[in-house]
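Here are the chains, one letter per residue:
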Amino acid sequence: MPRLLLIDDDPQLLLVTELALKADGHEVIALSSGSDAENSPALGRIDLIVCDINLPGIDGFSLVKRWRARGITLPILLLTSRDSEIDEALGLELGADDYVSKPVAMRVLCARVTALLRRESQRRVVA
């Protein structure tokens, strides 16, 4: 069962997203701040990160940049209400693997997570 780290500061959205991902067959560790996520012990035992950008403590852009600088290569999907072209480009340039604007249909989010996990699995087989 794939393990995901989900980070969002909106308690209702965090719960809805967590339930949708669990219903899709994932184990989910949910956190509500960038500070909690940056050095979470969960990082060593997860397969993918779903992260909001607007977070208390450390924002999602900074998290992506710091994780990539530390050599963390897990797939990262940024899930955010920031829908400008500049923000999307920045997120991808910093190292995110996908960028999804809110609101998003949970079925679409789950499909994107599955696609990223599939690509990561194939990458590991080739490497």
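Cut-offs and rules
- Residues numbered from 1 in each chain as written.
- Predicted model: local features only at pLDDT ≥ 70, side-chain atom pairs only at ≥ 80, totals over all residues.
- Heavy atoms only, no water.
- Helix = DSSP H or I, 4+ residues; strand = E, 2+ residues; numbered from the N terminus.
- Rg over C-alpha atoms; globule rule 2.2 N^0.38 Å.
- Salt bridge = Lys/Arg side-chain N within 4 Å of Asp/Glu carboxyl O.
- Buried < 20%, exposed > 50% of the residue type's maximum accessible area, 1.4 Å probe, protein only.

*Asks:* It is not clear to me how the overall build of the chain should be interpreted in this structure. Could you clarify?
*Replies:* The helix and strand tally for the chain stands at five helices and five strands. Of the regular secondary structure in the chain, the N- to C-terminal order runs β-α-β-α-β-α-β-α-β-α. Its C-alpha atoms give the chain a radius of gyration of 13 Å, within 12% of the compact-globule value 14 Å for 127 residues. Summarising its shape, the C-alpha atoms of the chain cover approximately 35 × 30 × 30 Å along the three principal directions.

*Asks:* Even after reading the chapter, I still don't get the pattern of salt bridges, so can you show me in this structure?
*Replies:* Once the charged atoms of two side chains with opposite charge are near each other, the side chains can pair. All chains considered together, the criterion is met by seven salt bridges. A salt bridge links Lys102 to Asp8; the nearest nitrogen and oxygen atoms lie 2.7 Å apart. Note that Lys102 is positioned in the loop between strand S5 (98–101) and helix H5 (106–126) and Asp8 in the loop between strand S1 (3–7) and helix H1 (11–23), a separation of 94 residues in sequence. Given the relative accessible area of 4%, Asp8 is considered buried. Salt-bridge contacts for Glu38 lead to Arg66; the nearest nitrogen and oxygen are separated by 3.2 Å. With Glu38 in helix H2 (residues 34–38) and Arg66 in helix H3 (residues 60–69), the pair connects residues that are 28 residues apart, well separated along the chain. Using a relative accessible area of 15% as the deciding quantity, one classes Glu38 as buried. Sharing partners across several salt bridges, the network here consists of Asp8, Asp52 and Lys102.

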